[in-house]
Amino acid sequence: MKLGIFGSARSVPELQDQVGKANDLGYAAFWTPQIFNLDALTALAVISSSVPDIRLGTSVVPTFPRHPMMLAQQALTVNQVSGGRLDLGIGLSHKPVVEGMWGMSFEGPVGHMSDYLTILMALLHEGSISHGGKHLTSRGGIDVPADPPPVLVAALGPQMLELVGKKADGTSTWMTGPKTIRDHVTPVINEAAEKAGRPQPQVVAAVPVCISADREAAREYAKRDFGFYGDLPSYRAMLDREGLENSWDIALAGSYEEVAEGLQGYSDAGATQVVAAVYGPDESKQETVFQLAKLLKDS
């Protein structure tokens with residue numbers, strides 16, 4: 001099983017410490033979100049100069065605030081300074097954020113992402129584009145000498161998965177269980193890629209995990225941290241597919257053996273990389289990261 005770790009921080013030194021520990025333990029990749037603290041790509045560019053080897057991923061950069069030409073420049077720059085270690089995860093975000101916080105229209109999200117990928121992938125791979133779409137336009141080129149990073153899109157619904165299979169390098173999932181990975185995500189995206197003559201896409205599955213003997217405490221932390229996801233339509237649809245009433249029930253909690261078995265279930269279901277998003281009390285998070293590293297030695 002290919003295992004990554006998910007983390008975030010309010011300062012670059014704090015994030016660098018997390019990445020360094022994950023690297024030393026042998027994790028395949030470190031993923032960090034673009035939310036309301038650090039700018040993910042800037043932070044990873046800085047960290048890459050002092051932490052070798054481990055792949056560095058964004059999970060995910062919202063598309064609406066960044067024109068794809070700007071994001072292509074950023075991504076190629078980070079890939080240049082990191083020695084080709086970037087995995088570029090992007091996503092739509094959600095209507096309450098796009099419209100409520102940024103004052104932008106969320107109309108036609110699939111069309112928006114189609115235009116976005118057309119522009120982004122052309123600029124990453126060819127350096128130029130002339131595209132006038134319904135949602136986005138870009139005409140011109142960029143010159144940043146670097147290999148193109150893989151582009152992974154937070155795609156969950158069938159239309160988005162088909163689009164990503166045709167145009168991008170894979171998907172990054174959240175609030176999505178192994179049954180849904182096996183029966184929905186993997187077959188839809190793989191079929192679309194095959195029809196488009198593209199390589200089999202990556203399926204990166206992020207999973208909340210907590211190694212703890214106190215199951216009730218772990219459940220309370222999961223309710224606190226993940227309870228609101230059930231109110232977001234895209235995640236609610238994935239939880240329904242998995243047969244889960246509560247969003248916090250997606251979390252894996254218990255002994256090392258139980259959590260390891262749960263993570264292996266995602267890999268067996270078709271995830272090409274499983275990413276442990278560690279939660280719980282601060283004093284136990286580092287221990288969970290340390291214990292899960294045993295999976296890397298056993299695999």
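In what follows, the accompanying structure is described.

The rules we used
Residues numbered from 1 in each chain as written. Predicted model: local features only at pLDDT ≥ 70, side-chain atom pairs only at ≥ 80, totals over all residues. Heavy atoms only, no water. Helix = DSSP H or I, 4+ residues; strand = E, 2+ residues; numbered from the N terminus. Rg over C-alpha atoms; globule rule 2.2 N^0.38 Å. Contact = heavy atoms within 4.5 Å. Areas by Shrake-Rupley, 256 points an atom, 1.4 Å probe, with all protein chains shown as cover. Lys, Arg positive; Asp, Glu negative; His and termini not counted. Charge placed at Lys NZ, Arg CZ, Asp CG, Glu CD. Salt bridge = Lys/Arg side-chain N within 4 Å of Asp/Glu carboxyl O. Buried < 20%, exposed > 50% of the residue type's maximum accessible area, 1.4 Å probe, protein only. 1 Å grid on protein atoms, 1.4 Å probe; cavity = no way out; pocket = protein on both sides within 12 Å on 5 of 7 lines; lining within 4 Å. Points joined across faces, edges and corners; volume = space filled by probe spheres on them. Polar contact = N/O pair within 3.5 Å; in protein donor to acceptor, adjacent residues only side chain to side chain. Phe/Tyr/Trp six-rings, centres within 6.5 Å; stacked < 30°, edge-to-face > 60°. Lys NZ or Arg CZ within 6 Å of the ring centre and 35° of its normal.

So, the overall build of the protein chain
Item 1. Along its length, the protein chain carries 12 helices and 12 strands.
Item 2. At 18 Å, the protein chain has a C-alpha radius of gyration in line with the 19 Å of a compact globule built from 299 residues.
Item 3. Expressed along its principal axes, the backbone C-alpha trace of the protein chain runs to roughly 55 × 40 × 40 Å.
Item 4. In the protein chain, of all internal contacts separated by at least 6 residues, the share reaching a separation of at least 24 is 71%.
Item 5. Total accessible area on the protein chain stands at roughly 13,100 Å², and carbon and sulfur atoms take up 50% of it.
Item 6. A gap of 4 Å separates the mean positions of the 24 positive and 34 negative side-chain charges of the protein chain.

Focus on the pattern of salt bridges
Opposite charge on two side chains permits pairing when their charged atoms draw close.
Item 1. Summed over all chains, the structure comprises 12 salt bridges.
Item 2. Asp-17 is the salt-bridge partner of Lys-21, the closest N and O atoms lying 3.2 Å from each other. One end of the pair, Lys-21, and the other, Asp-17, are both in helix α1 (residues 12-25), 4 residues apart, so they sit about a helical turn from each other.
Item 3. Note that Glu-191 and Lys-195 form a salt bridge whose closest N and O atoms lie 3.2 Å from each other. With Glu-191 and Lys-195 both in helix α7 (residues 178-195) and 4 residues apart, this pair spans about one turn of that helix.
Item 4. The partly exposed category is assigned to Glu-191, whose relative accessible area is 43%.

A closer look at unusual backbone geometry
Item 1. In this structure, Val-60 follows Ser-59 across a cis peptide bond, with omega equal to -5°.
Item 2. Structurally, Val-60 is set in the loop between β3 (55-58) and β4 (61-62).
Item 3. You will see that Asp-53, though not glycine, has its phi angle at about 75°, which is positive.
Item 4. With respect to the helices, strands and loops of the structure, Asp-53 is situated in the loop between α2 (40-48) and β3.
Item 5. Residue classification places Asp-53 among the exposed residues on the basis of a relative accessible area of 64%.
Item 6. At Ser-93, a residue that is not glycine, the phi angle is positive and equals roughly 70°.
Item 7. Its place among the elements puts Ser-93 in the loop between β5 (86-91) and α4 (95-101).

Some points on empty space enclosed by the protein
Empty space among the atoms can be located by rolling a probe the size of a water molecule over them.
Item 1. Under the definition given, this model contains 1 cavity of 30 Å³ or more.
Item 2. Considered as a void within the structure, the largest cavity measures approximately 40 Å³ in volume.
Item 3. As for the largest cavity, its lining consists of Ser-8, Ala-9, Leu-15, Thr-32, Pro-33, Asn-37, Leu-38, Asp-39, Ala-40 and Ala-43.

A look at the environment of Ile-47
Item 1. Among the secondary structure elements, Ile-47 is positioned in helix α2.
Item 2. The exposure class of Ile-47 is buried, given its relative accessible area of 0%.
Item 3. Along the sequence, Ile-47 and Glu-258 sit 211 residues apart, while their C-alpha atoms lie 33 Å from each other.
Item 4. Non-local contacts of Ile-47, meaning those with residues more than four positions away in its chain, are made with Val-12, Leu-15, Gln-16 and Val-19.

Observations regarding the side chain of Arg-66
Item 1. By secondary structure assignment, the location of Arg-66 is in the loop between β4 and α3 (68-81).
Item 2. Overall, the relative accessible area of 10% leaves Arg-66 in the buried class.
Item 3. There is a polar contact of 2.3 Å between the side chain of Arg-66 and the side chain of Asp-39.

Section: the environment of Met-1
Item 1. Structurally, the position occupied by Met-1 is in the segment before β1 (3-6).
Item 2. A relative accessible area of 23% means that Met-1 is categorised as partly exposed.
Item 3. Residues Met-1 and Lys-285 lie 284 residues apart in sequence; the distance between their C-alpha atoms is 21 Å.

Focus: helix α6 (residues 158-167)
Item 1. Taken together, the buried positions of α6 are occupied by Met-160, Leu-161, Leu-163, Val-164 and Gly-165.
Item 2. The inward-facing, buried residues of α6 abut α5 (109-125), β8 (151-153), β9 (170-173) and α7.

As for the packing of aromatic side chains
Item 1. Under the criterion given, the structure shown has 6 aromatic pairs.
Item 2. With a centroid separation of 5.9 Å and 75° between ring planes, the pair formed by Trp-174 and Phe-226 is classed as edge-to-face. Taken together, the residues span a long stretch of sequence, with Trp-174 in the loop between β9 and α7 and Phe-226 in helix α8 (residues 215-226) at a distance of 52 residues.
Item 3. Judged by its relative accessible area of 16%, Trp-174 is buried.
Item 4. Geometrically, the ring pair formed by Phe-226 and Tyr-279 is edge-to-face, given 5.2 Å between the ring centres and 80° between the ring planes. Placement of Phe-226 in helix α8 and of Tyr-279 in the loop between β12 (273-278) and α11 (282-292) is noted, with a sequence separation of 53 residues between them. Comparing Phe-226 with Tyr-279, the two get one shared label, buried.
Item 5. Chaining the aromatic ring pairs together yields one cluster made of Trp-174, Phe-226, Phe-228, Tyr-229, Tyr-235 and Tyr-279.
Item 6. Over the face of the ring belonging to Tyr-256 we find Lys-294, whose NZ or CZ atom lies 4.1 Å from the ring centre.

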